[in-house]
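# A look at the structure
Residues per chain, in single letters:
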Amino acid sequence: MSAIPASLTAAGQDPAALVDACLAAYGDAAAIAFSGAEDVLVLEYARLSGRRFRVFCLDTGRLHPETYTYLAQVEQHFGIQIQYCFPDRTRVEAMVNAKGLFSFYREGHGECCGVRKVEPLRQQLATLRAWITGQRRDQSPTRTDVPPVHVDPVFSGLGGGPLIKVNPLAAVPQAEVWATIRAYGLPTNALHDQGYVSIGCAPCTRPLRPGEHERAARWWWEEGTKKECGLHAGNLRTS
Ligand code: SF4
């Protein structure tokens, strides 16, 4: 028997229906992972569902000041308290004191993302049975196959059980996301007005250049096929 509830499968690729079905099926055992970018639209679909919803954000300690300001605006707009997940202080200190503040430029982003993002996420997901992300297929070469709902191939959920991963915006093109954000009058991160499309940590994100794929502006010193920070490592192909 599939671990995915029939109600979620029946939602198809409809973003609002997917969010509603997930919240209905899992309640407080589901949470939205918010990155501080156009995934704010997922929060709006949660609000429109009329259901209670939880939101968490990975605070790596390296986010742009504009993102912190935006996170506070989003809390105010939706009347919610985002749950911030911080990295383990001892591990950050050991890494930075051994390798410096910018080791990812020399050694790749794997270790730093592992400490600052993946471990805090793993701990958060271990409290859940489902999580909702803002991933879209048109974001990068690593995301072209993102399904609207599946069993997370990387992380476990509550008690080590299966974790359902819902990507309500999977099939929604970027232009449609932005048109919907504007139609709903949602607050947006000021970095978007400075040419940023994908929003991540300050040292690892730059404004997008003409003709570039959205994720080209993340870890631009590395290969395009490796541009996942571990949060969505199941997207990476091994061949
Ligand atoms: S995006 Fe950059 S600064 Fe942020 S956790 Fe990854 S390597 Fe570290």
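Check the entry above for the structure.
Below is a summary of the structure that appears in this document. Predicted model only: the values in this text are computed from it and were never measured.

Glancing now at the packing of aromatic side chains. Following the criterion strictly, the structure yields seven aromatic pairs and no others. With a centroid separation of 5.0 Å and 70 degrees between ring planes, the pair formed by Phe104 and Tyr105 is classed as edge-to-face. The buried category is assigned to Phe104, whose relative accessible area is 3%. We classify Tyr105 as partly exposed; its relative accessible area is 38%. Ring geometry for Trp220 and Trp221: centres 5.0 Å apart, planes at 90 degrees, overall edge-to-face. Overall, the relative accessible area of 27% leaves Trp221 in the partly exposed class.

Of the two faces of strand β1 (residues 30-33), the one holding Ala30 and Ile32 and the one holding Ala31 and Ala33 are both buried throughout. Here β1 runs beside strand β4 (residues 130-132); their pairing, made up of three bridges, is parallel. Directly across from Ile32, in β4, lies its bridge partner Ile132. As defined by bridge partners, β1 adjoins strand β2 (residues 55-58) across two bridges and the pair is classed as parallel.

Next up on the list: the site of the ligand. The immediate surroundings of the ligand are formed by Phe104, His109, Cys112, Cys113, Arg116, Lys117, Cys201, Cys204 and Trp219. Per-element accounting of the shell around the ligand gives the leading share, four residues, to helix α7 (residues 110-125). Here the shell around the ligand is built from residues that sort into six nonpolar, one polar and two charged.

Further remarks concern the nonpolar core. One finds Leu8, Phe34 and Leu43 to be the most contacted residues of the largest nonpolar core, which totals 41 residues. Elements with a minimum of two residues in this core: α2 (15-26), β1, α3 (40-49), β2, α4 (65-78), β4, β6 (164-166) and α8 (174-184). In this view, Phe34 contacts Asp39, Val40, Leu43, Val55, Phe56, Cys57, Tyr70, Leu71, Val74 and Ile82; residues no more than four positions away in its chain are not counted. Of all hydrophobic cores here, the second largest spans 13 residues; its members include Phe56, Cys85, Val118 and Trp131.

Here we take up the packing of α3 against α8. Across the interface, α3 lies against α8 with an axial gap of 10 Å and an inter-helix angle of 50 degrees. Considering their axes alone, α3 and α8 lie oblique with respect to each other. Once α3 is placed against α8, the crossing between them reads as left-handed. Between α3 and α8, the residues in contact are Val40, Leu41, Glu44, Tyr45 and Leu48 and Val177, Thr180, Ile181 and Tyr184, respectively. Taken together, the residues of the contact of α3 with α8 sort by class into seven nonpolar, one polar and one charged.

Reading the values: rules and limits
Residues numbered from 1 in each chain as written. Predicted model: local features only at pLDDT ≥ 70, side-chain atom pairs only at ≥ 80, totals over all residues. Heavy atoms only, no water. Phe/Tyr/Trp six-rings, centres within 6.5 Å; stacked < 30°, edge-to-face > 60°. Buried < 20%, exposed > 50% of the residue type's maximum accessible area, 1.4 Å probe, protein only. Helix = DSSP H or I, 4+ residues; strand = E, 2+ residues; numbered from the N terminus. Pairing = 2+ DSSP bridges. Near = heavy atom within 4 Å. Nonpolar A, V, L, I, M, F, W, Y, C, P; charged D, E, K, R; others polar. Core = buried A, V, L, I, M, F, W, Y, C linked by side-chain atoms within 4.5 Å. Contact = heavy atoms within 4.5 Å. Axes fitted to C-alpha atoms, helices over the stretch in contact; angles between N-to-C directions. Parallel < 35°, antiparallel > 145°, perpendicular 65-115°, else oblique. Left-handed = near helix turned anticlockwise from the far one by under 90°.

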